[in-house]
Amino acid sequence: MGEVLSGKVLANNLKEDIKNYTKFLKEQGKAAPCLLSIQVGEDPGSEYYISNQQKVSESLGIKFIKKSYGEGIKEDDLLKDIDSANKNPEIHGIIIQLPLPKEININKVLSSISPEKDVDGQSDINISRLYKGEEAFVPCTAESILRLIKSVKDNLQGLRAVVIGRSTIVGKPAANLLLQENATVTICHSKTVNLKEICREADVLVSAIGKPKFIDKEYIKPGAIVIDVGTSSHEGKITGDVDFDSAMEVAAFVTPVPGGVGAVTTSILLDNVCKVYRKYAD
Ligand code: NAP
């Protein structure tokens, strides 16, 4: 029987540090670190993430500015607003909530964020730094995946890691971080043949596909670490990609949904806002 790999311990440690830091700033009469969230159009998934980010920010003493634009906003107007946020010393981190409407050039918009304020590692410059192994802001979900794995297995050298999902925001950066840890990494996707067999070779299995309970014990090597990134709405509940009870029969560790990857992601995002503050405004 496996163990539950909860994200709450990691998240609470980060939250404690952030709270102490913002308290210290307040005592010094300094302004709070500030995160600007930009959303275009409406998306129920984004609404859930944004309200959670806002709630956690405010509980930790971080200022959260929420800008919501209608679907019809012109790309140039959006770029102008991002440019002025880049130049505004009172804003320390900027996150563009995804998805963006099809009419907007997502790459251009994400890459218009100053790399120094790009706290979710969305810009081309940070992606390029990550792939070259340079210091970078990394997409917070990918960072959360790695920290959870390393919380139970510090040395990943030589291990087989399989990441299912190849999005720019989750699958690819997670695979890259695992590669930097000297794991042998395979990335799978919807066109992968023999997915089950490949997954069964994994010492570390990361699933980021968004299909409720898709991964059961048949996909899992005995003793593996299983990280469930998926968050889908299923029978009125937020559900992961992994059939938790089945996976626990064979895996060594399984992250729950909710309470796993997602719990750590927001804390990493806010910790990154504090890092920017420390660097430029302390
Ligand atoms: P995405 O852009 O839709 O990517 C999904 C990936 O899964 C794609 O690469 C797709 O392959 C692959 N896939 C889909 N069906 C598959 C199948 N049957 N077999 C193998 N691969 C399959 O999604 P995302 O943005 O990466 O997010 C993935 C999941 O993580 C979603 O549930 C999302 O809500 C969740 N998420 C959670 C957090 C968190 O903090 N907990 C943060 C971000 C996202 P193709 O490339 O071939 O289409």
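My aim in this report is to walk through the structure given alongside it, one point at a time. These figures come from a predicted structure and were not determined experimentally.

### Brief notes about a negative patch on the surface
Phase 1: There is a patch of like negative charges on the surface, built from E42, E47, E71 and E103.
Phase 2: For E42, the location among the structural elements is in the loop between β2 (34–40) and α2 (44–59).
Phase 3: The class of E42 is exposed, set by a relative accessible area of 73%.

### Brief notes about a nonpolar patch on the surface
Phase 1: Judged by side-chain polarity, Y48, Y49 and I238 come together as a nonpolar surface patch covering roughly 290 Å² of accessible area.
Phase 2: Considering the arrangement of structural elements, one finds I238 in strand β10 (residues 237–239).
Phase 3: Here I238 falls in the partly exposed class, since its relative accessible area comes to 33%.

### Points about helix α6 (residues 140–152)
Phase 1: With 13 residues, α6 should reach 18 Å at 1.5 Å per residue; the first-to-last C-alpha distance of 19 Å fits that figure.
Phase 2: Listing the buried residues of α6 in full gives C140, T141, A142, E143, S144, I145, L146, L148 and I149.

### Some thoughts on the site of the ligand
Phase 1: Surveying the vicinity of the ligand reveals 22 residues, the closest of which are R166, S167, H189, S190 and T231.
Phase 2: Taking R166, its side chain carries an N or O atom lying 2.7 Å from an oxygen atom of the ligand.
Phase 3: In the model, an oxygen atom of the ligand is placed 3.4 Å from a nitrogen or oxygen of the V229 main chain.
Phase 4: Across the complex, the protein chains shield 72% of the 930 Å² of accessible surface that the ligand would expose by itself.
Phase 5: No other element matches helix α10 (residues 261–280), which puts 3 residues into the shell around the ligand.
Phase 6: Class assignment for the residues of the shell around the ligand results in 10 nonpolar, 10 polar and 2 charged.

### A short note on the pairing of strand β4 (residues 93–96)
Phase 1: The alternating pattern of β4 places G93 and I95 and I94 and I96 on opposite faces, both of which are buried.
Phase 2: Where β2 meets β4, 4 bridges bridge the pair, whose relative direction is parallel. Opposite L36, over in β4, you have I94 as the bridge partner.

### A closer look at the packing of aromatic side chains
Phase 1: All told, the structure shown has 3 aromatic pairs when counted by the stated rule.
Phase 2: Ring plane angle 85 degrees and centroid distance 6.2 Å describe the contact between Y21 and Y277, whose orientation is recorded as edge-to-face. Remark: Y277 occurs in helix α10 and Y21 occurs in helix α1 (residues 8–27); sequence separation between them is 256 residues.
Phase 3: With a centroid separation of 5.8 Å and an interplanar angle of 65 degrees, the aromatic rings of Y48 and Y49 are classed as edge-to-face.
Phase 4: Its relative accessible area of 42% is what places Y49 among the partly exposed residues.
Phase 5: The side chain of R278 reaches across the aromatic face of Y21, ending 4.1 Å from its centre.

### Things to note about unusual backbone geometry
Phase 1: Here the amide bond leading from L98 into P99 is cis, since omega sits at 5 degrees, within 30 degrees of zero.
Phase 2: As for its position among the elements, P99 is in the loop between β4 and α4 (106–110).
Phase 3: A cis amide bond links V257 to the next residue, P258, at an omega of -5 degrees.
Phase 4: Take P258: it is sitting in the loop between β11 (253–254) and α10.
Phase 5: Even without being glycine, K213 reaches a positive phi, approximately 55 degrees.
Phase 6: The residue E235 is not glycine, and still its phi comes out positive at about 45 degrees.
Phase 7: For E235, the location among the structural elements is in the loop between β9 (232–234) and β10.

Conventions adopted
- Residues numbered from 1 in each chain as written.
- Predicted model: local features only at pLDDT ≥ 70, side-chain atom pairs only at ≥ 80, totals over all residues.
- Heavy atoms only, no water.
- Patch = residues over 30% accessible without salt bridge, like charges linked within 9 Å, V, L, I, M, F, W, Y side chains within 5 Å.
- Areas by Shrake-Rupley, 256 points an atom, 1.4 Å probe, with all protein chains shown as cover.
- Salt bridge = Lys/Arg side-chain N within 4 Å of Asp/Glu carboxyl O.
- Lys, Arg positive; Asp, Glu negative; His and termini not counted.
- Charge placed at Lys NZ, Arg CZ, Asp CG, Glu CD.
- Helix = DSSP H or I, 4+ residues; strand = E, 2+ residues; numbered from the N terminus.
- Buried < 20%, exposed > 50% of the residue type's maximum accessible area, 1.4 Å probe, protein only.
- Expected span 1.5 Å × (residues − 1).
- Near = heavy atom within 4 Å.
- Polar contact = N/O pair within 3.5 Å; in protein donor to acceptor, adjacent residues only side chain to side chain.
- Nonpolar A, V, L, I, M, F, W, Y, C, P; charged D, E, K, R; others polar.
- Pairing = 2+ DSSP bridges.
- Phe/Tyr/Trp six-rings, centres within 6.5 Å; stacked < 30°, edge-to-face > 60°.
- Lys NZ or Arg CZ within 6 Å of the ring centre and 35° of its normal.

Bear in mind that shape data such as this cannot, by itself, settle questions of function.
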